[in-house]
Amino acid sequence: MLSAFSNCLKIPELRQRILFTLAMVIVIRVGAWIPCPGVNPAVLQAYFADYINNQSGNSLAGMFNLFSGGALQNCAIFALGIMPYITASIMMQLGQAIIPSLGKLAREEGGRQKITQYTRVGTILLCVFQGYLLATSFENPSQLQFFEGIAAVEAQLGPLVPTPGFAFQLLTILSLTTGTMLLMWIGEQITDKGIGNGISLVITVNILGSLPGALAQGYEVLNPSDPGQQPVSPLVVVVLLAFLFAVIAGTVALTQGTRRIAVNYAKQVRGNKMYGGQSSYLPLKVNYSGVMPIIFAQSIILFPGMILDFMFPSSLWARSIILSLQSGTLYYAFYGGMILFFSYFWVATMFNPVQIADDLKRNSGFIPGKRPGEATAKFLDYTMTRLTLAGAIFLMILALLPMLVQRNMGVPSLTAQFFGGTSLLIIVGVMLDSMRQMETFLLQRHYDGFLKKGKLRGRSARGGALQQGTAPENVGLLWLYVALGVIIIAGVTISIVQGWTH
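Residues numbered from 1 in each chain as written. Predicted model: local features only at pLDDT ≥ 70, side-chain atom pairs only at ≥ 80, totals over all residues. Heavy atoms only, no water.

Visitor: Would you explain the overall build of the protein in this entry?
Guide: On a plain count of helices and strands, the protein comes out with 20 helices and 7 strands. Counting the 502 residues in the protein, one finds 46% classified as buried. For the protein, the proportion of contacts with a sequence separation of at least 24, taken over those separated by at least 6, is 74%. Here the protein displays about 25,500 Å² of accessible surface, and carbon together with sulfur accounts for 63% of that area. (Helix = DSSP H or I, 4+ residues; strand = E, 2+ residues; numbered from the N terminus. Buried < 20%, exposed > 50% of the residue type's maximum accessible area, 1.4 Å probe, protein only. Contact = heavy atoms within 4.5 Å. Areas by Shrake-Rupley, 256 points an atom, 1.4 Å probe, with all protein chains shown as cover.)

Written as C-alpha cells, this is what we have:
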C-alpha cells in the first residue's frame, strides 16, 4: 500500500490532480476561519468550548459545527457548509423518482445539465432561507434552545452581534450564500480537475477538521487538568481503542458488502460469428442507500425542534418537545425507526427491479433458475428487501453508537462522533472512492493498485506456465481499515503514552 502511494506521485497527471486537490483543501480550511462581518467570533468560540464540545453539548449546534468544519464556531463565511447543496441534490433525486416529468427530463439529451441548474437554483434558495435563520439567531442567541447557555458567555465577552438590524441580516445572508456557492464550485472543480468526488470530499475535509479538537478532548479525559477529576482507567482506554478499531472495520465491511447475483448471457449466432455465452454478476449492495437514511432521520428529528425554537422561543411546552427530540429512550427508538424506514424508502425510490429485469431480457441475459421478465423482477425485489433489512439494522446500530458511547463511557460529544454515525460513514466512503480513482490511474500505467489482487504469484515447476493467484479481497480491506484506524487513533495513543510517562 505504501508503494502504491509513492507510485501516485510518479504519474504526472495524477500528481497534478493530487496537488490541485490539496490546494483546494487549503482554501476550504482557510474559509472556515474567515468571520462574517458584524459578528464577534470570540463569543461563539468560547460558547462552543464551554457548552457544545463537552458531554452535555447541544446535539443540533454540535452537528452543524461538525459538518461545517468548525466554521459555525468561528462565525465564518462557510458556516452553512455544503449541506444546502446536498439537500437540493437529494430533493432533485427524489423528484426524479416521484415526478414523471423530472424523470423524463433526466433521460433526455441535455436533461442532466438542466437538472444541475435546477439544483444550483435550489441551493441558492436554501442558502437564503438558512442564512436568514442563522442571522436572526446570531442577533438573539440567548432566547433560543439552539444556543442554550450562551447568555453567560455574552455577559463576559459582550453581545454576539454588537449592531443588529436589517443591514446585518442582509450582509450575513449574502456572505453565507456566497460561501456555500464557493464551496459548491470548489467541489465541482475537484471532481473535474482533482481526484473526483469533490462534494463528498468537501464534507470529509470539514469533518476531519474537527479531528484535532476531538483528540484534544480525548486527551483531556485521559489526563484531566483538574486535580479533583479522576483519570480514566488504562483498561477502559484499551477497550475504547479496540472498540473504535472494530467499528471502523464494520463500517468498511458495510460500505463494501455486496450480494453478487450470477447472470448468464445466451449465445447468439450472427453470420459466421457467435456472440454472448458469457457469465457475469449483478452486484447488489448491502447498504444501497449509503448515509442518506441517517441524514433524513436527523433532519426529521432536528428540523421541527429548530422551527419550534424560532417560533416559540419562550414557550415551556416547545422546550419540552425540543428536549425530547434530542435525547432519551424515546429519541433513540424514534431515530432508529426512521433510519429503518428511510432505508427502505430510498431503495423503493431508487432501485427499480422491473427495469433491471427488462434490461437483462433485452440483452439476452438471465439469472440461472429464474425466468426472464416478471420472475426475475420478483427475485431481485425479494433479494434486495432482505439485504436492505440487514444493512438498515447495521446502519441503525452505527448511527446510535456515538450517542451510546458518549452517554455510557463518558466520551466527549466531539470525540464520540468518530465512533460511528454519519461522520465515520462519510469518511470511509469517500476514502474508498478516492482510492479507487487513484487506483485506476495506477493500473492504466501498469502499477500495482492499493488492493493487491490478481498479481502473479509464481511459476509452475513444470512447463514454466505462470500461475494466476488472486489474493482475497478482505486482505485489502484489512489494510484499508488498518490505515483508517491508525489515522484516527494515532493522536489518542500518543496522548495515552504521554500521560503514563508523566
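Visitor: Explanation requested: the environment of Leu125 in the structure shown.
Guide: By secondary structure assignment, the location of Leu125 is in helix H7 (residues 111-139). Note: C-alpha distance between Leu125 and Thr177 (52 residues apart in sequence) is 9.0 Å.

Visitor: Is there a simple way to think about the packing of helix H15 (residues 329-350) against helix H17 (residues 374-409) in this case?
Guide: The relative placement of two packed helices comes down to the angle between their axes together with the axis-to-axis distance. Packing of H15 against H17 brings their axes to within 9 Å, and their N-to-C directions diverge by 150°. The angle between H15 and H17 places the two elements in the roughly antiparallel class. When the axes of H15 and H17 are compared, the crossing they make is right-handed. Where H15 approaches H17, its residues Tyr331, Tyr332, Tyr335, Gly336, Gly337, Ile339, Leu340, Ser343, Tyr344 and Val347 are matched on the opposing element by Met384, Thr385, Thr388, Leu389, Ala392, Leu395, Met396, Ala399, Leu400, Met403, Leu404 and Arg407. Here the residues of the contact of H15 with H17 sort into 16 nonpolar, 5 polar and 1 charged. (Axes fitted to C-alpha atoms, helices over the stretch in contact; angles between N-to-C directions. Parallel < 35°, antiparallel > 145°, perpendicular 65-115°, else oblique. Left-handed = near helix turned anticlockwise from the far one by under 90°. Nonpolar A, V, L, I, M, F, W, Y, C, P; charged D, E, K, R; others polar.)

Visitor: When you look at the pattern of salt bridges in this model, what are you seeing that I'm missing?
Guide: Any two side chains of opposite charge can pair, given that their charged atoms come close. Counted according to the given criterion, the structure contains 4 salt bridges. A salt bridge links Glu13 to Arg17; the shortest N-O distance between them is 3.7 Å. One end of the pair, Glu13, and the other, Arg17, are both in helix H2 (residues 12-31), 4 residues apart, so they sit about a helical turn from each other. Of the charged contacts, one joins Glu374 and Lys378 as a salt bridge, the two residues approaching to 3.3 Å between their closest N and O atoms. Here Glu374 and its partner Lys378 are both found in helix H17, 4 residues apart, which amounts to about one turn of the helix. (Salt bridge = Lys/Arg side-chain N within 4 Å of Asp/Glu carboxyl O.)

Visitor: In this structure, what is going on with the packing of aromatic side chains? I would like to understand it.
Guide: Describing an aromatic ring pair means giving the distance of the ring centres and the angle of the ring planes. Evaluated as defined, the whole model comprises 4 aromatic pairs. Both rings, one in Phe342 and one in Phe345, keep their centres 6.2 Å apart while their planes meet at 85°; by these two values the pair is edge-to-face. Taken as a pair, Phe342 and Phe345 lie in helix H15 at a separation of 3 residues, close to a single helical turn. The class of Phe345 is partly exposed, set by a relative accessible area of 28%. Each member of the aromatic cluster is reached from another via a ring pair, and the members are Phe341, Phe342 and Phe345. Positioned over the ring face of Tyr281 is Arg260, at 4.4 Å from the centre of the ring. (Phe/Tyr/Trp six-rings, centres within 6.5 Å; stacked < 30°, edge-to-face > 60°. Lys NZ or Arg CZ within 6 Å of the ring centre and 35° of its normal.)

Visitor: Help me understand the pairing of strand S1 (residues 258-265), please; the structure alone is not making it clear to me.
Guide: The two faces of the sheet receive side chains in turn, since in a regular strand these alternate between them. As paired elements, S1 and strand S4 (residues 279-285) share 7 bridges and run antiparallel to each other. Across the sheet, residue Ile261 finds its bridge partner in S4, namely Leu282. Pairing of S1 with strand S5 (residues 365-366), which is carried by 2 bridges, proceeds in the antiparallel orientation. Counterpart to Tyr265 in the pairing with S5 is Gly365. (Pairing = 2+ DSSP bridges.)

Visitor: Just checking my understanding: could you explain the sheet that holds S5 for this structure?
Guide: What holds strands together in a sheet is hydrogen bonding between their backbones, with the strands either parallel or antiparallel. In spatial order, the strands read S4-S1-S5; together these 3 strands make up an open sheet with antiparallel pairing. In the strand order of this sheet, the two ends are held by S4 and S5, each with one partner.

Visitor: Explain the packing of helix H9 (residues 166-193) against helix H10 (residues 198-208) here, please?
Guide: One way to put it is that H9 packs onto H10 with a least axis distance of 7 Å and a crossing angle of 120°. The angle between H9 and H10 falls in the class oblique. When you trace H9 past H10, the crossing you get is right-handed. Facing Leu183, Met184, Gly187, Glu188, Ile190 and Thr191 of H9, the residues of H10 in contact are Gly198, Ile199, Leu201 and Val202. A class-by-class count of the residues in the contact of H9 with H10 yields 6 nonpolar, 3 polar and 1 charged.

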